[in-house]
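# Chain and residue survey
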Amino acid sequence: MASVFTSYVAKDIGTSASTIVTVASATQTTVVGLSVANTSAADITIDVYITRSAVNYYVVKGATVPVGSTFILSGGDQKIILIAADALKIISSAATSADGILSVLELT
């Protein structure tokens with residue numbers, strides 16, 4: 001199995017879900033870090049979830065991200081494992097109000 005560290009980004013996340021990554025077939029992905037920055041002029045709330053087989057599983061729901069702050073969802077001791085076809089999505093309470101950075105280890 002080959003392994004590679006990589007990252008995915010999403011800009012101007014808003015009130016429609018932004019898919020930051022969909023895991024390729026024959027791939028396992030370990031989330032080693034996920035940060036969502038508030039880029040707006042007001043506090044926002046965010047949801048982060050995984051869609052697997054058309055079912056949404058929330059990792060965090062309604063987390064407040066104050067102005068000028070970054071919400072660190074995963075990192076350190078917390079890891080999230082994604083399997084083939086899983087999609088990690090982020091949604092914000094306000095239009096074009098957040099940027100997301102996802103760091104992963106992919107095994108193929």
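Heads up: the structure comes first, above all this text.
Here's what I pulled together on the structure shown here. (Residues numbered from 1 in each chain as written. Predicted model: local features only at pLDDT ≥ 70, side-chain atom pairs only at ≥ 80, totals over all residues. Heavy atoms only, no water.)

## Looking at the packing of aromatic side chains
The line we're drawing: Working definition: a ring pair exists when centres of Phe, Tyr or Trp rings (six-membered ring for Trp) sit within 6.5 Å. Plane angles under 30 degrees give stacked, over 60 give edge-to-face, the rest tilted.
What the rule picks out here adds up to 1 aromatic pair. Judged by centre distance (5.1 Å) and plane angle (45°), the ring pair of Tyr49 and Tyr58 falls under tilted.

## Quick notes on the nonpolar core
Inclusion rule: To define a nonpolar core, start from buried Ala, Val, Leu, Ile, Met, Phe, Trp, Tyr and Cys residues and group those joined through side-chain atoms within 4.5 Å. For each residue, the accessible area found with a 1.4 Å probe, counting protein chains only, is set against the maximum for its type, and the residue is called buried under 20%, exposed over 50%, and partly exposed in between. We count a stretch as a helix when DSSP gives it H or I for four or more residues in a row; a strand needs E for two or more, and each element gets its number in order from the N terminus. By definition in these notes, contact holds between two residues if any of their heavy atoms fall within 4.5 Å.
With 23 residues, the main nonpolar core has Val31, Leu34, Val48, Leu82, Leu88 and Ile90 as its most contacted residues. If you list the elements that add at least two residues to this core, you get β1 (3-13), β2 (18-22), β3 (28-38), β4 (44-52), β5 (55-65), β7 (80-82), β8 (87-92) and β9 (98-107). With 4 residues, the single largest contributor to this core is β4. The contact partners of Ile90, leaving out residues within four places of it in the chain, are Ile13, Ser16, Ala17, Ser18, Ile20, Leu34, Val36, Asp47 and Val48.

## Some remarks on the pairing of β9
To be explicit about the condition: Two strands qualify as a pair provided that DSSP identifies no fewer than 2 bridges between them.
Relative to β9, β1 is paired through 9 bridges, and the arrangement is antiparallel. Across the sheet, Val4 pairs through a bridge with Glu106, a residue of β9. Pairing between β3 and β9: 10 bridges, direction antiparallel. When the bridges of β9 are listed, Val36 appears paired with Gly100.

## Some details on the sheet that holds β5
What counts, and what does not: Angles run from 0 to 180 degrees between N-to-C directions of axes, and those axes are lines fitted to C-alpha atoms, restricted for helices to the stretch in contact.
Pairing within the open sheet is antiparallel, and its 4 strands lie in the order β2-β8-β4-β5. At either end of the open sheet lies a strand with only one pairing partner, and these are β2 and β5. For this sheet, the mean inter-axis angle between neighbouring strands, taken without regard to orientation, is 20°. Where β2 meets β8, 4 bridges bridge the pair, whose relative direction is antiparallel.

## Topic: unusual backbone geometry
In most cases, non-glycine residues show a negative phi, while peptide bonds are predominantly trans. For Ala26, which is not a glycine, the phi torsion comes out positive at approximately 55°. Within the fold, Ala26 resides in the loop between β2 and β3. Take Ala26: its relative accessible area is 67%, and that puts it in the exposed class. Positioned with a positive phi, Ala85 is a non-glycine residue whose angle comes to about 80°.

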